[in-house]
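Examination of the molecular architecture
Chain by chain, the residues:
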Amino acid sequence: MAKVFLNNISKVFDNKVVAVNHINLDIKDREFFVLVGPSGCGKSTILRLIAGLDEPTEGDIYIDNNLVNDLSPKDRDVAMVFQNYALYPHMKVYDNLSFALRLRKYSKSVIEGKVKDAAGILGIDSLLPRKPSELSGGESQRVAVGRAIVRAPKVFLFDEPLSNLDAKLRVQMRAEIKKLHRELGTTMIYVTHDQIEAMTMGQRIVILNKGEVQQIDTPLNLYNKPANVFVAGFIGNPPMNFIRGTITSSNGYIFISGNIRISLYSDSKKQLTGYEEKEVILGLRPDDIYEETTSKGLLKTQTFSKETLKLVVEFIELMGNESLVYGKIDDISLVMRAPADLRCNRGKSINAHLDLAKLHWFDCITEKRIEKQ
Ligand SMILES: Nc1ncnc2c1ncn2[C@@H]1O[C@H](COP(=O)(O)OP(=O)(O)O)[C@@H](O)[C@H]1O
Ligand SMILES: [Mg+2]
């Protein structure tokens, strides 16, 4: 059990590729902490730096308050599970699991006990005599996790361990890894590029882009209060819609973009003071756009926009429980989440309203969230 602290960490490869750019992370003891971001944003590099497989160009790494920059991987007491599992193909599962313990010269009986315990936790006892080539993807994944568990490390590092599994197994393994975290109570640092995996697993999440921290927060705060346009567009499926426009305030606050005109909820004033007659970015989740005749649309509240927005339907994805409607207002593309009972046709327009209490606002230049004053 341990906390992990990254202080002003950078990693530059070959004097030119800035993989990680001055990052600070303060991961708590026993926390399930997720690193998420698009491919190439520096996630694996950060894990490798913590594991000691790479050296930082700048900054300090602490595990349990101890500076570990100069410690070799084996002395850091962390265990990493890789995306490709990295099992030894010529060894049986039992030997894969016991390998690290044999290196550490544990007695045969101690090793046997630890391997049996790990295999029991993961339900892989029957796989112990097999070779990796005789395992399914899910079984290999469990063995890779087992190999980390037997070492009872202070910190687990997972690098996209579920990416090679099919969708159903991924959901199942997500739950298993969470359960494992509850049972072991060990700090886990988990890397994924999948925002749904991040949201469902992380107690806290760091969102990375181009080697830089975008936001560190709980899943709900990331969704409800994204710090900038990048986070807003990254978290949520389908992604948030963005519309550039101007705020006018001669007669109440109004957002205008081409033919779109939205009279804002009185509360917006608190947020948009200082942005009068300026350009802003409006962020609109697909869930907060309503078609007026549907059951969802009928639940009108005070915070419903009074103007009707005419959305010309381009295509519809029928999901069974709901529909995703993709359309355009002028030349602005939008997607909305609609109830399955919505009747609409391609090329026809539907009347949409917005929930004014759910709008997100971003500065046009910095792309940062505009906070309430
Ligand atoms: N050994 C290396 N040498 C040079 N560039 C590297 C090396 N490892 C990673 N990079 C670069 O660093 C950036 C971050 O890579 P990585 O941490 O693997 O991203 P992620 O895991 O988020 O996909 C990428 O631009 C990648 O090409
Ligand atoms: Mg990676």
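Residues numbered from 1 in each chain as written. Chains lettered and ligands numbered in written order. Predicted model: local features only at pLDDT ≥ 70, side-chain atom pairs only at ≥ 80, totals over all residues. Heavy atoms only, no water.

1. Let's talk about the domain arrangement of the chain
This is how it is decided: As used throughout, domain bounds are those supplied by an automatic or database domain assignment. Here, two residues are considered to be in contact whenever any of their heavy atoms come within 4.5 Å of each other. A pairing counts as a salt bridge when a side-chain nitrogen of Lys or Arg comes within 4 Å of a carboxyl oxygen of Asp or Glu.
In terms of domains, the chain is made up of domain 1 (4-234) and domain 2 (241-363). Domain 1 and domain 2 are separated by 40 Å when their C-alpha centres are compared. With 8 residues of domain 1 at the interface, the matching set in domain 2 holds 6 residues. Where domain 1 packs against domain 2, one counts 0 salt bridges.

2. Some remarks on the site of ligand 1
How we decide: Proximity is defined per residue: if any heavy atom of the residue lies within 4 Å of a molecule or strand, that residue is considered near it. Contacts described as polar in this section are N or O atom pairs within 3.5 Å, which, within protein, must combine one atom able to donate a hydrogen with one able to accept it, while residues neighboring in sequence count only if both atoms come from side chains. Only the protein chains shown count as cover for residues, with accessible areas throughout obtained via the Shrake-Rupley method and a probe of 1.4 Å. Numbered from the N terminus, helices here are DSSP runs of H or I no shorter than four residues, and strands are runs of E no shorter than two. Any residue outside Ala, Val, Leu, Ile, Met, Phe, Trp, Tyr, Cys, Pro, Asp, Glu, Lys and Arg is labelled polar, Gly included; the first ten of those are nonpolar and the last four are charged.
Taken together, F13, D14, V17, A19, P38, S39, G40, C41, G42, K43, S44 and T45 make up the full set of residues adjacent to ligand 1. Within the backbone of C41, one N or O atom sits 3.2 Å away from an oxygen atom of ligand 1. Within the side chain of K43, an N or O atom sits 2.9 Å from an oxygen atom of ligand 1. Calculation on ligand 1 without its partners gives an accessible area of 560 Å², and the protein chains cover 60% of this total. Broken down by element, the residue count for the shell around ligand 1 peaks at 3 residues, all from helix 1 (residues 43-51). Residue composition of the shell around ligand 1, by class: 5 nonpolar, 5 polar and 2 charged.

3. Quick notes on the sheet that holds strand 7 (residues 155-159)
The line we're drawing: What makes two strands pair is DSSP finding at least two bridges between them. Helix axes use the C-alpha atoms of the stretch in contact, all axes being lines fitted to C-alpha atoms, and the angles between their N-to-C directions lie in the range 0 to 180 degrees.
Pairing is mixed in the open sheet, where 6 strands are placed in the order 6-7-8-3-9-10. Since the sheet does not close on itself, it has two edges, and those belong to strand 6 (78-81) and strand 10 (212-217), each with one partner. Strand-to-strand twist of the sheet, defined as the mean angle between neighbouring strand axes without regard to direction, takes the value 15°. In this structure, strand 3 (residues 32-36) lies alongside strand 9 (residues 204-209), joined through 4 bridges in parallel fashion. Counterpart to F33 in the pairing with strand 9 is R204. Packing of helix 1 onto the sheet brings it into contact with strand 3, strand 6, strand 7, strand 8 (187-192) and strand 9, and relative to strand 7 it is tilted by some 150°. Sheet strands touched by helix 4 (residues 137-149): strand 6 and strand 7. Its angle to strand 6, the strand with the most contacts, is close to 175°.

4. A closer look at the sheet that holds strand 12 (residues 254-257)
In space, the 5 strands of this open sheet follow the order 13-12-11-14-20, with antiparallel pairing throughout. Either end of the sheet is taken by a strand with one partner, and the two such strands are strand 13 (260-263) and strand 20 (360-363). Averaged over all pairs of adjacent strands, the angle between strand axes in this sheet comes to 35°, irrespective of strand direction.

5. Focus: the pairing of strand 1 (residues 4-13)
The pairing of strand 1 with strand 4 (residues 58-63) spans 5 bridges and is classified as antiparallel. Within strand 4, the residue paired with N7 across the bridge is D60. Judged from the 7 bridges that link them, strand 1 and strand 2 (residues 17-27) form a sheet pairing that is antiparallel. Across the sheet, residue F5 finds its bridge partner in strand 2, namely D26. Here strand 1 hands over to strand 2 after 3 residues, with D14 in that stretch at a positive phi of 50°.

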